Amino acid sequence: MSTISIPVEGPDQVGEARREGASLAIALGFDEEHTGRVAIVVTECASNLWKHGGGGEVLISTAENDGRPCIEVIALDRGPGMADVSRCFEDGYSTAGSAGSGLGALARLSECTVYSRPGKGTALLSRLFIQGSRKTETSALLTGGIAVPLAGEPICGDAFAVRHDAAGMLAILADGLGHGPSAAESANRALEAFRDSRESAPGKILPDIHTALRGGRGGAVSVARLNLATRKIQFCGVGNVLGMLSGFGAAKNFVCMPGIVGHNMNAVREFTYDWPANSVVLIYSDGIGSHWSLDEYEGLVNQDPSLISAVIYRDRKRGRDDASVLAIRERRSA
């Protein structure tokens, strides 16, 4: 999955975002009516950025949620934020002198979630499902992420995937060496090997990926297993794909070993960590800065994992490489 990123500074970028969203919907198999809904949602998200947020960025990507294919539209800004999120969704309420129906329309057309802090910006997630799709699985673990290419590149050289099983979940994030199509090819080969591996321990899966990446660019890869019964996380990483546990009053950084998977993977060590309740597992590439914690963001730990990933991307991206974040947390009862 590669996330489409459109910086929005005015109405020209609103039109670009709408076209990108509609094209992605058609490619995924949305019919004419539902493609129109995607176009409306993207337009509203982008318009709100330059009307209310002083500009920002729209991220558009395909995803799967409870077994249903969908499109996720995320609007990010560093504007004044919303003092009262629920009131902003009421029809007729506006802070810009408009009709005040934009956010209400988003809520009617999509699954819509907002994380906003006064003075520190807003992140809005709209999720639209392909017509007629139904839930085919409901996992105890929720996942979401973004993989944004370096500006000017057609595709992201980072990629991630998960495998659900009876014990919990296996997750991978791969960062192909460099960026662009060749890096994306290496990352996708890593994901294929991850899916094909018969092993269940990260320390045994990584050698399978190393073999699959030989002869190519190689890259940095981290694999994690989350076990719901034992409340343990096994983690094995080589290169600068980092991992952490955060959001429980502290942050625990996972250990990664030096090397390049597919080339010089000299040391494979698997580490095991306790998994506190109400924490979030985050795996991210070196396009995201380090030395941060979810505890810096009030209430973010309870948000949708796609929204968590996007906020971290907005605030921690380095801007000189592909940037990806995968977030995993437990499903909580309403």
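Since this is a predicted model, take the numbers as computed values, not measurements.

Trainee: Would you take a moment to explain the pattern of salt bridges for this structure?
Mentor: Close approach of charged atoms allows side chains of opposite charge to pair. This model, assessed by the stated rule, comprises 13 salt bridges. Here R37 and E33 are joined by a salt bridge, their closest N and O atoms 3.0 Å apart. Highlighted residues: R37 and E33, both in helix 2 (residues 32-52), separated by four residues, approximately one helical turn. Via salt bridges that share partners, R68, E72, E111, R127 and D304 belong to a single interconnected network.

Trainee: Teacher, can you tell me more about the nonpolar core here?
Mentor: A general tendency of soluble globular proteins is for nonpolar side chains to be buried together. Residues L282, I288, W292, L294 and Y313 are the most contacted members of the largest nonpolar core, which totals 27 residues. The set of elements that each furnish at least two residues to this core consists of strand 3 (68-77), strand 5 (121-129), strand 6 (141-148), strand 14 (280-284), helix 7 (305-316) and strand 15 (323-330). Here this core takes six residues from helix 7, the largest share from any one element. Those residues in contact with W292 that lie beyond four places of it in its chain are M244, L282, Y284, I312 and R316. Listed in part, the 25 residues of the second largest apolar core include V38, L49, V58 and L106.

Trainee: Teacher, can you tell me more about the layout of surface pockets here?
Mentor: Of the pockets and cavities examined, the largest pocket occupies roughly 760 Å³. Considering the residues around the largest pocket, the lining is formed by 31 residues, among which A63, E64, N65, T143 and V162 are closest to the centre. For the lining of the largest pocket, the elements supplying multiple residues, two or more each, are strand 2 (56-65), strand 3, strand 6, strand 7 (158-164), helix 5 (181-196) and helix 7. At five residues, the largest contribution of residues to the lining of the largest pocket is made by strand 6. Here the residues of the lining of the largest pocket are counted per class, giving 10 nonpolar, 10 polar and 11 charged.

Reading the values: the criteria
- Residues numbered from 1 in each chain as written.
- Predicted model: local features only at pLDDT ≥ 70, side-chain atom pairs only at ≥ 80, totals over all residues.
- Heavy atoms only, no water.
- Salt bridge = Lys/Arg side-chain N within 4 Å of Asp/Glu carboxyl O.
- Helix = DSSP H or I, 4+ residues; strand = E, 2+ residues; numbered from the N terminus.
- Core = buried A, V, L, I, M, F, W, Y, C linked by side-chain atoms within 4.5 Å.
- Buried < 20%, exposed > 50% of the residue type's maximum accessible area, 1.4 Å probe, protein only.
- Contact = heavy atoms within 4.5 Å.
- 1 Å grid on protein atoms, 1.4 Å probe; cavity = no way out; pocket = protein on both sides within 12 Å on 5 of 7 lines; lining within 4 Å.
- Points joined across faces, edges and corners; volume = space filled by probe spheres on them.
- Nonpolar A, V, L, I, M, F, W, Y, C, P; charged D, E, K, R; others polar.

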